[in-house]
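One-letter residues, chain by chain:
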Amino acid sequence: MLYAEVAVEAARALDRETYSYTVPEGVDVVPGHRVTVPFGRRTTFGYVVSLGTDEPGVETKPISSAGREPLLLPHQVALARLVADHYWVPLIECLRAMLPPRVRSAGSSGAGASTRQRRHSRLLELASAPIEQTSKAVLTAEQQAALDVIATNQLTLLHGVIASGKTEVYLAAAEQALAQDLRVLLLVPEISLTPQLVERVRARLRAPIAILHSQVTELERAQEWWRVRHGEAQVVLGSRSAVFAPIPRLGLICLDEEGSAAYKQDRTPRYETGWVARKLAAVSGARLVAGSATPSVVAYHDSQQGELALAKLTKRVRGHEAEVELVDMRDEFAAGNRQPLSRRLLEVVNRTLENEEQVILYLNRRGMSTFVMCRDCGRSVQCLGCSVSLVQHAEIEGLVCHYCGYSRAMPSTCDHCGSRNIRGMGMGTQRLESMVKKLWPRARVLRLDSDAARGPDAYFQIWETFSERRADILVGTQLVARGLDLPAVTCVGVVDADLPLHFPDYRSAENTFSLIVQVAGRAGRDSRPSTVVVQTSNPEHYSLRCAATGDYEGFYAAELPSRKAFTFPPFADLAVLTRSDSDDVRAAASAREAAESIASGLLKEGIEGIRVMGPSPAFMHRLRGEYRWQVTLKGDGLERARHLAPRGRGWSFDVDPQT
């Protein structure tokens, strides 16, 4: 008799990972097969995770039916187990995350052509359109050395300065993998990196490409997924969820812009793509190359400890570094300039426009104003369900919460004191866009943030317009910070470099350094002189000083001691356990009980090296009407404490949190 261990959909809320079923004669299943099984009084879907002939020791029911082919590959089932263990989530959640919604709900949806399909995403059209093939580039000595390191090591960190040709190394490594009839996975953190990369991959690699990205329709996502599953695509290009693509004969994984915060999933399972990519390489036998001009402190530390091979690209292959200037906004204020743009930035933008070149202005805040405040009583207009101020948005002529979506009209009087002296404070990208249009009325201005790029193909159209030089100034958030390779951009302005420094995050200095270096890298892509103006009130901070000179080693040396002193990664792992409740007192009491229970459990079982911290209010104390309290675990081998974690509704876990 053959028995199957099945992760059952209907048991998602239960503690048990799998249930045993008999495999009837005539039903052929392997790990990865989706099956229908009886569960209680109903029938539900499940996924076979293992098979065996040993009797499970419990009464078993037979599998009702199975799909024509397994949806998941064996190495994906193994990967799901690793992700479930590390991130403290049920195995079924990890298996579900590996399937697009349409495939998960209907199994075969998207496997064939659809007569009802009306729209085709521009990105997919680009991936399949005829394109002129380019000749194989001649690698520099550094690029060839990096390629040799990748070929002889399973895990490689590629640390290359801006414009040093990291993508060329990825493509050369991909050519080697394709020549061995292996598949290639290219991962990017942001949608902004995708169009240009698609063009380069199409021009260099004579191989069919699949795109797995959130900006394509659900039907297209299912169609692309099935192309990958059936081996029709030799190269898979996508964002973080593409790490779960069903790629047979996977030979190479390229993780571009390693360390980007966009690689962290904010919904269950809350995985970090870089960690999953390492495990994917381990279970599939593929090689992994993680590249960045600003690698995470954790990854660089791993390379120093020998856990990752290190390849370096220290020289630019084209263009030259832009001159980076730190402008102290305290001096601007003292000189009487109350505007958010410094005199030096205005001067550089004027010169750039006169030269008929392009400008990028970076501000990582959406909306018209950061908050709306009464100038008499000092109170801001708050969201009813979240402990945050509402942000003013011009397109709805009102205020919006960026966390829950609550909106209201702009008040004419203060809700607290009745004063009419109420106005927007601070500045977001919408207000910056309006200001830029007034300062330079003849300039063609575009805005790129998650509000502007919300519609179908909206990002692609904005990128296309700017790359074809049909616009002069691009105002945007972090979507403009990475990957854009536009030779006509000779001026970049960072409007407020201090924003990430003020965030309560152990990675705040790292994020500041990374963003400044990356956005500065959008200038100087060809031989024209370029200038980057970084506005700050903390020009003496080491992250900004090192970013201005592109000194990663200097930043790493300055950052590591504080990480060690306060036992933050890479010197410890973190897990944040959050209790949410509509009643603040109840949430706090429950979190306190959990902290005491975990601490006593660790002591009783003799588990050392794990520290329990809290409870404390979450940074966003109230979110969508729920109060949130957190218990933090810090130490090594946190999976040893998983069985001590609280269970039940209202609890969520975030292992390897970004903040």
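This text follows the structure it describes.
Description of the structure in this document. (Residues numbered from 1 in each chain as written. Predicted model: local features only at pLDDT ≥ 70, side-chain atom pairs only at ≥ 80, totals over all residues. Heavy atoms only, no water.)

So, on to a nonpolar patch on the surface. Among the surface-exposed residues, Leu2, Val30 and Leu51 lie close enough to one another that they form a single nonpolar patch of about 200 Å² accessible area. Note on placement: Leu51 falls in strand E4 (residues 42–52). The class of Leu51 is partly exposed, set by a relative accessible area of 34%. (Patch = residues over 30% accessible without salt bridge, like charges linked within 9 Å, V, L, I, M, F, W, Y side chains within 5 Å. Areas by Shrake-Rupley, 256 points an atom, 1.4 Å probe, with all protein chains shown as cover. Salt bridge = Lys/Arg side-chain N within 4 Å of Asp/Glu carboxyl O. Helix = DSSP H or I, 4+ residues; strand = E, 2+ residues; numbered from the N terminus. Buried < 20%, exposed > 50% of the residue type's maximum accessible area, 1.4 Å probe, protein only.)

Let us now look at the environment of Ser467. Locating Ser467 in the fold gives a position in helix H14 (residues 458–467). A relative accessible area of 28% places Ser467 in the partly exposed class. A distance of 3.1 Å separates a polar atom in the side chain of Ser467 from the backbone oxygen of Glu464. (Polar contact = N/O pair within 3.5 Å; in protein donor to acceptor, adjacent residues only side chain to side chain.)

All right, on to the nonpolar core then. Ranked by size, the top nonpolar core spans 152 residues in total, and within it Ile253 and Leu577 carry the most contacts. No other element matches helix H6 (residues 166–179), which puts eight residues into this core. Excluding residues within four positions of it along the chain, Ile253 makes contact with Leu185, Leu187, Ala277, Leu280, Ala281, Ala286, Arg287, Leu288 and Val289. (Core = buried A, V, L, I, M, F, W, Y, C linked by side-chain atoms within 4.5 Å. Contact = heavy atoms within 4.5 Å.)

At their nearest, the axes of helix H1 (residues 74–87) and helix H9 (residues 273–284) sit 9 Å apart, and the two run at 140 degrees to each other. One finds that H1 runs oblique with respect to H9. Where H1 crosses over H9, the two elements pack in a sense that is right-handed. Here His75, Ala78, Leu79, Leu82, Val83, His86 and Tyr87 of H1 lie close against H9, whose contacting residues are Trp275, Val276, Lys279, Leu280, Val283 and Ser284. Grouping the amino acids of the contact of H1 with H9 by side-chain chemistry returns nine nonpolar, three polar and one charged. (Axes fitted to C-alpha atoms, helices over the stretch in contact; angles between N-to-C directions. Parallel < 35°, antiparallel > 145°, perpendicular 65-115°, else oblique. Left-handed = near helix turned anticlockwise from the far one by under 90°. Nonpolar A, V, L, I, M, F, W, Y, C, P; charged D, E, K, R; others polar.)

Turning to unusual backbone geometry, a few remarks are in order. In this chain, Thr268 is followed by Pro269 through a cis amide linkage whose omega measures -5 degrees. As for its position among the elements, Pro269 is in the loop between strand E11 (250–256) and H9. Note that the residue after Gly614, namely Pro615, is joined by a cis bond; omega there is 10 degrees. Unusually for a residue other than glycine, Ala163 sits at a positive phi of about 65 degrees. Considering the arrangement of structural elements, one finds Ala163 in the loop between strand E7 (155–160) and H6. By relative accessible area, Ala163 is classed as buried at 12%. Positive phi values are uncommon outside glycine, yet Glu257 reaches one of about 55 degrees.

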